[in-house]
Each structure stands twice: as structure tokens, then as C-alpha cells.
Amino acid sequence: MQLRYNFRAYPDAGQCRALARAFGCARVVWNDCLRDRKDAHAAGLPYVKSAELSRLRITQAKRTEERAWLADVSAVVLQQSLRDLDTAYKNFFDSLAGKRQGRKVGPPRYKSKKDIRQSVRLNTNAFSLTQNGTVYVAKVGHLKVKWSRRLPAAPTSLTVTKDSAGRYFLSFVVDTAPDILPEVETEAGIDLGLSAFAVLSDGRKIDSPRFLRRAEKKLRRFQRELSRKQKGSKNRAKARIKVARQHARVADRRRDFHHKASTQIIRDNQAVYVEDLAVSGLGRSRLAKPVHDAGWSAFVGMLEYKAAKHGRIFAKVDRAFPSSQVCSACGFRDGPKPLHVREWTCGTCGTVHDRDHNAARNVLFEGCRIVAAGRAETLNASWSAGKTWTKVPAQRVEAGSPRKGRTTQAGFPGL
């Protein structure tokens, strides 16, 4: 399986300029190749192949006066930009043909130098790990990196990213074997909410930290200062960085909370079941701010890939399942209830239910039924699970505490 390890980098002034050139050149190659394919499509011509684009927009473009500066960056950066465009087109075509699951994917779009996120991707020919703990990037230099843990294997690719707050990150993709945890007897159903971030079927509640709400006072002050600055001025650019850094702190705290909570749940339970919520729909309602502040989608994604990594069972319960209407004691369906009803009494057996705890228990029962029926694509759900299981996509590395009994190894990532 593939895992993504993310580390903070601290380039000096010269390296920042070199990275800016790399970002710009990769963006220009992307836009030039995309324009050629759009023009060919508008003219009714065949799809322009990658080999032709590489010859025209990279090899020959370097010899022209208008694009001579493409030679100032590594050729790998330019080739990887073209490959990323091919991947974007493939995802678009697969989505149109119904071969790609999930939401519909739109066609590739042009990139702007004003995008909040700039990145380049490199293969093993353009970067290397040195013995002194730095990372050498071709035509950039040796980047100083803050190592928070060791890499389990040699990385296969590297993505250098600059976010809206001006921070640089190195993201390594590593092929590694699953880290199977010892089996346990407990299973958990999870009901996600707003008053409590998550309620487990055993009665435990995880409080919602509400990171955005806690940072709103400072954010409002920074945004007022930003709105008063003249557009295009240097002071406005400084004020924008302040707002971006505050948002980055909120996102980092939320991600750290998600990692720690998801890791603890996966370690404590052999099987984890969660309801498949329509987060995109809820994000357009009056509850949009608390829903996005909770970050349910990111949390469920962490549960899914960590379950595959550690040999646990993970399944999603359909969003149409009436988890809040069914009595978990006798199975009687008591009908829908408004959100302000947090406790209710079953009309058949008389059991008094906490709304969230009852929903978590029902999610557990339904998840067990789905896995027993062999309809969940888990590692040990059915005899066909090994045939239907696919590779886990590379995720951002866990940002929590080390496992009990192990110490955090900082410094150069020994391979």
C-alpha cells in the first residue's frame, strides 16, 4: 500500500526563488499543453498525444526565445506536469464513461500564478536524501527539512508544495507493507454529530473542539485589517498572509485532532462502522459552518485508510438507513424526530434512549449485518474481498503521538 509522509521544509532565499521558477515553469507547461488540446478539440482534430506535446512544448520550446527560461528548471518537473495533465484527462474521461466511482470529475482547467497552492512533482531522478538530513532537489539545492519521524522505505516520488500561508512542505510517497495490529474483540459503530463530534456504540463521546469557532475573534480582526488595505499594495499582501496563517493554524489543529481520534478508534476496535453522510449537501444548509468546522469527510477518510493499513474492518452504512428512528433494544421504528429531541422513549419496550448513542448502536448492528452479508469491501468481509480490494490512496501522514511502547525517532529518516 502507498502512504504519504508530509514534512515541513525551510528553504533559504535563493532556494525560494528557484522553487518559484519551478512552480512557474510547471504551470506554463500545463497551460500550454492544455491549450493545445482544447484548440484541437474545438477544431475537430484528434486528441493530441503526450509525445507530441512533450516535443513541442518542452523540447522545442526551450530553444525558442519566448520559452528559453524553461531550461532553468529540471526537465523532470516539466515532464511530470505533462503527466499530471494526462492523469487529469484520464480521470475526466473515466468519469464520463462511468468507470470512475464517486462524484463527477470536470475537465482540466488552466492554472494561475495567483492560486493559493503551488506545487511540483518529482520522481527519484530529480531528488535524493542526503546523509546530513537534507533533501537534494535538482536545480534547487539541499533543502532543510524538519523530520518528525523516519520513512519506512525509500520514497518513490516527492511533491514540493507552497501553501497560501507561504509555508513549504515535502510530501513523500512510500510503498510499504500493512502494519497489522493484534486482533481485539471489540467493534464500534460511530455516529457523527455537531454537539458531540462522535458518539461510539459503547457510550463514549468525543467532544467537538470547534477550532474555527474558537479562532473567529482573531480571524475577524485580521479580515477587517485586510479589507481596509489598498488592493495591490504590499501592506495588503502582508495582511493576506496573516489571514492565511490563521486559517492554516485552524486546519492544522483540526487535522491533528482527526489523526489522534481516528488512530485511537482503529487501535481499540477490530471493526469500525460509520454512517455515509452527505457532507456536501449539509455544507449548503444553514449548518454549513459547523459542518465544515467538524471535518467529517477527512475523519472518515482517515478511518478508512488506517483500517486498511492496520488490518481492521471498515464499512459504511447507507445514509438512508434510519439510525435515529429505530430502537436499538427491540428494533421498533418510532418515526422521524426533529433535531432538538436528544432523548426519547421507545413506544414498544419503554427503553429511554440517548439519540446519538442509540444511532451509534444501530450503525454498529447494520454494519455487522453488511459485513456478514459480504457486501463491504474489507480485507476479511467475505471470500471475494481479496479480489475486490484495491490499493489505498496515499494519505497525509498521521500527526499524533507515537504508539505506546515506541519512541518518536526524529532527525534523518533512516531507510
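Since the model is a prediction, treat every value here as computed from it, not as a measurement. (Residues numbered from 1 in each chain as written. Predicted model: local features only at pLDDT ≥ 70, side-chain atom pairs only at ≥ 80, totals over all residues. Heavy atoms only, no water.)

Trainee: Now, about the overall build of the protein chain: what can you tell me, with residues and values included?
Mentor: Of the regular secondary structure elements, the protein chain holds 10 helices and 15 strands. Along the first, second and third principal axes, the C-alpha atoms of the protein chain reach 85 × 55 × 55 Å. Per-residue burial over the protein chain gives 44% buried out of 415 residues. In the protein chain, 69% of the contacts between residues at least 6 apart in sequence involve partners at least 24 apart. When the accessible surface of the protein chain is summed, it comes to about 23000 Å², and 51% of that surface belongs to carbon and sulfur atoms. Taking the average location of the 79 positive side-chain charges in the protein chain and that of its 38 negative ones, the two points are 8 Å from each other. (Helix = DSSP H or I, 4+ residues; strand = E, 2+ residues; numbered from the N terminus. Buried < 20%, exposed > 50% of the residue type's maximum accessible area, 1.4 Å probe, protein only. Contact = heavy atoms within 4.5 Å. Areas by Shrake-Rupley, 256 points an atom, 1.4 Å probe, with all protein chains shown as cover. Lys, Arg positive; Asp, Glu negative; His and termini not counted. Charge placed at Lys NZ, Arg CZ, Asp CG, Glu CD.)

Trainee: Which residues make up empty space enclosed by the protein, and what values go with them?
Mentor: Taken as a whole, this structure holds two cavities of 30 Å³ or more when the rule is applied. The calculated volume of the largest cavity comes to roughly 80 Å³. Around the largest cavity, the lining is made up of 15 residues, and of these Ala18, Ala22, Val77, Ala138 and Val140 lie nearest the centre. Of all the secondary structure elements, the ones that give two or more residues to the lining of the largest cavity are helix 1 (13-42) and strand 2 (118-123). Ranked by residues supplied to the lining of the largest cavity, first place goes to helix 1 with four residues. Class assignment of the residues belonging to the lining of the largest cavity gives a composition of 11 nonpolar, one polar and three charged. (1 Å grid on protein atoms, 1.4 Å probe; cavity = no way out; pocket = protein on both sides within 12 Å on 5 of 7 lines; lining within 4 Å. Points joined across faces, edges and corners; volume = space filled by probe spheres on them. Nonpolar A, V, L, I, M, F, W, Y, C, P; charged D, E, K, R; others polar.)

Trainee: Mind laying out the nonpolar core, listing which residues take part and the relevant values?
Mentor: Within the largest apolar cluster, 49 residues are counted, with the highest numbers of intra-cluster contacts made by Leu122, Val135, Leu158, Val160, Leu170 and Phe172. Looking at this core, the element that brings in the most residues is helix 1, giving 11 residues. With near-sequence residues (within four places) excluded, Leu170 lies in contact with Tyr5, Asn6, Phe7, Ala9, Val135, Leu143, Val145, Leu158, Thr159 and Val160. Counting residues in each nonpolar core, the second largest holds 30 residues, with Ile190, Leu192, Phe257 and Ile266 among its members. (Core = buried A, V, L, I, M, F, W, Y, C linked by side-chain atoms within 4.5 Å.)

Trainee: So, a nonpolar patch on the surface: which residues are in play, and what are the values?
Mentor: On the surface, Tyr47, Phe93 and Leu96 cluster together into a nonpolar patch covering about 310 Å² of accessible area. Within the secondary structure, Tyr47 sits in the loop between helix 1 and helix 2 (50-59). (Patch = residues over 30% accessible without salt bridge, like charges linked within 9 Å, V, L, I, M, F, W, Y side chains within 5 Å. Salt bridge = Lys/Arg side-chain N within 4 Å of Asp/Glu carboxyl O.)

Trainee: Hey, could you go over the environment of Ile241 for me, with residue numbers and the actual values?
Mentor: Positionally, Ile241 belongs in helix 5 (residues 234-268). When residues no more than four places from it in sequence are discounted, the contact partners of Ile241 are Ser164 and Ala165.

Trainee: Kindly report on the sheet that holds strand 11 (residues 205-207), identifying the contributing residues and their values.
Mentor: Strand order in this open sheet of five strands is 11-10-9-12-13, and the pairing throughout is mixed. A single partner strand is all that each edge strand has here, and the edge strands are strand 11 and strand 13 (313-317). Put simply, the sheet's adjacent strands are angled 20 degrees from each other on average, direction ignored. Across three bridges, the pairing between strand 10 (residues 196-200) and strand 11 is antiparallel. Considered in strand 11, the bridge of Val199 is made with Lys205. Together, strand 9 (187-192), strand 10, strand 12 (271-275) and strand 13 form the strand contacts of helix 9 (residues 355-372), whose direction differs from that of strand 9 by roughly 130 degrees. (Pairing = 2+ DSSP bridges. Axes fitted to C-alpha atoms, helices over the stretch in contact; angles between N-to-C directions.)

Trainee: Describe the side chain of Thr134, and please don't skip the residues or the numbers.
Mentor: Structurally, Thr134 is set in the loop between strand 3 (127-129) and strand 4 (135-137). A relative accessible area of 14% means that Thr134 is categorised as buried. Looking at Thr134, its side chain comes within polar contact range of the side chain of His142, at 3.5 Å. Ignoring anything within four residues of it in the chain, the contact list for Thr134 reads Ser128, Leu129, His142, Leu143 and Lys144. (Polar contact = N/O pair within 3.5 Å; in protein donor to acceptor, adjacent residues only side chain to side chain.)

Trainee: So what's going on with unusual backbone geometry? Which residues, and what values?
Mentor: In the Ramachandran plot, Lys139 falls in the positive-phi region, its phi being about 60 degrees despite a non-glycine side chain. As for its position among the elements, Lys139 is in the loop between strand 4 and strand 5 (141-143). Under the relative-accessibility criterion, Lys139 is labelled partly exposed at 48%. Backbone geometry places Arg210, a non-glycine residue, at a positive phi of 55 degrees. Mapped onto the elements of the fold, Arg210 is located in the loop between strand 11 and helix 4 (211-228). Residue class for Arg210 comes out partly exposed when judged on its relative accessible area of 37%.

Trainee: Let's hear about the pattern of salt bridges: which residues, and what values?
Mentor: Under the criterion given, the structure shown has 20 salt bridges. In this structure, Arg369 engages Glu366 in a salt bridge whose closest nitrogen and oxygen atoms are separated by 2.5 Å. One end of the pair is Arg369 and the other is Glu366, both in helix 9 and three residues apart, which spans about a single turn.

Trainee: Could you give me a rundown of the pairing of strand 7 (residues 157-162), with the residues and numbers involved?
Mentor: The buried fraction of strand 7 is high, at five of six residues. Bridging between strand 2 and strand 7 involves six bridges; their strand directions are antiparallel. Bridged to Ser119 within strand 7 is Thr161. Where strand 7 folds back onto strand 8 (residues 168-175) in an antiparallel hairpin, the turn is made up of five residues, including Gly166, whose phi is positive at roughly 80 degrees.

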